[in-house]
Amino acid sequence: MKRGIPMAWHGLNRMVTGWLVLLIVTFASSSINAEPINADADPGTTLLVMGDSLSAAYGIERDEGWVNLMAERLEGDAQIINASISGETTSGGLQRFSDILGQQQPDIVLLELGGNDGLRGLSPQQMQTNLATMIEQSQEAGAQVLLLGIDIPPNYGQAYRDAFTGVFHSLAEEYDVPLVPFLLEDIALNDALMQSDGIHPTADAQPIILDNVWPTLEPLLERTHQAAAQ
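Residues numbered from 1 in each chain as written. Predicted model: local features only at pLDDT ≥ 70, side-chain atom pairs only at ≥ 80, totals over all residues. Heavy atoms only, no water.

Student: Sorry, what's going on with the packing of aromatic side chains here?
Tutor: Per the stated rule, a full pass over the model turns up two aromatic pairs. Considering the side-chain rings of F164 and F168, the 5.7 Å spacing of their centres and the 80° angle between planes classify their relative orientation as edge-to-face. In this pair, F164 and F168 both sit in helix 6 (residues 158-175), four residues apart, roughly one turn of the helix. Each member of the pair F164 and F168 is classed as buried. Directly above the ring of W214 sits R73, whose terminal nitrogen or CZ lies 5.1 Å from the centroid. (Phe/Tyr/Trp six-rings, centres within 6.5 Å; stacked < 30°, edge-to-face > 60°. Helix = DSSP H or I, 4+ residues; strand = E, 2+ residues; numbered from the N terminus. Buried < 20%, exposed > 50% of the residue type's maximum accessible area, 1.4 Å probe, protein only. Lys NZ or Arg CZ within 6 Å of the ring centre and 35° of its normal.)

Below, the structure written as C-alpha cells:
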C-alpha cells in the first residue's frame, strides 16, 4: 500500500459482507442531537467530531466509543460535540456541516468521513471536494482541523484504493492540517478487536482508536489552550 497505509483488510468474503452491512445501517435523523456529550466540561474549548459509524459507536454502547473515551481523558478540559452518524458519507456530512459549525463554533474539528464513500465506490474526486469544503469552512470559522483517515478493502482494486487513500494525504498537504493516516491501525488485522461483521471495531478496540488519535490531537489542544490564555 502506498503512503504507509497498511494492507489492513483480509478474509475477502467476510470483508465484502462486512462492508455491505454498512449500506443497510439505519441512518440517524439528520437533526442528530449535536449537544455536548460532557455538558459539565469547561465550555472554553469545544471539539466537534464529524464522522460515521466508527465515531458513532456502532454496535456497542455509546459510552464505550472512542469519542466518549476522549471526553473522559480530557477530564472536563473541553466540551465534545459528537455529530457522527452511522452510514454517513462526505456529501451527507457536508449538507449538515455548516449549520452545526455555526451553532457549536468549535475550536477543533475532527473530520472522520470517507469510509462510506469508498464502500459505495463513489468518486474520490468528489469525496476530496466535500472534505475540502468542510476544511475550508472550519478554517474560515477559526477552527483547527484534524483529518482522520481510513482504508478500504483490497477487492475495490488497487487503483481505486490508492486514489481513495491519497485523498487524505493530498488534503493534509494542501490545507496544512494534521492527519491520522489510518484510524484502525493495530485493530483491523486483529479479529478479536473486530465485531462479527468484520468491519466495525469492538468495545475493546475503542481505547486503541483513541490512542491512534491522541498523539496528533494533543498538540492542537495545547495550541488552543495557549491561545485562550493569551
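Student: What exactly am I supposed to notice about the pattern of salt bridges here?
Tutor: When charged atoms on two side chains of opposite charge get close, those side chains can pair. What the rule picks out here adds up to three salt bridges. For R96, the salt bridge goes to E88, with nearest N and O atoms at 2.8 Å. You'll find R96 and E88 in the same group, each marked buried. (Salt bridge = Lys/Arg side-chain N within 4 Å of Asp/Glu carboxyl O.)

Student: What is the right way to look at helix 7 (residues 206-229) in this model?
Tutor: Since the α-helix advances by 3.6 residues per turn, residues separated by three or four positions end up pointing in the same direction. With 24 residues, helix 7 extends 32 Å from end C-alpha to end C-alpha; this agrees with the ideal 34 Å at 1.5 Å per step. In helix 7, a bend of some 45° at W214 exceeds every other bend along the element, and P215, a proline, comes one to four places later. Where helix 7 is concerned, the buried positions are Q206, I209, L210, N212, V213, W214, L217, L220, L221 and T224. Elements that come into contact with the buried residues of helix 7 comprise strand 1 (46-51), helix 2 (66-74), strand 3 (108-112), strand 4 (144-148) and strand 5 (179-180). (Expected span 1.5 Å × (residues − 1). Bend = angle between axes of the 7 residues up to and from the residue. Contact = heavy atoms within 4.5 Å.)

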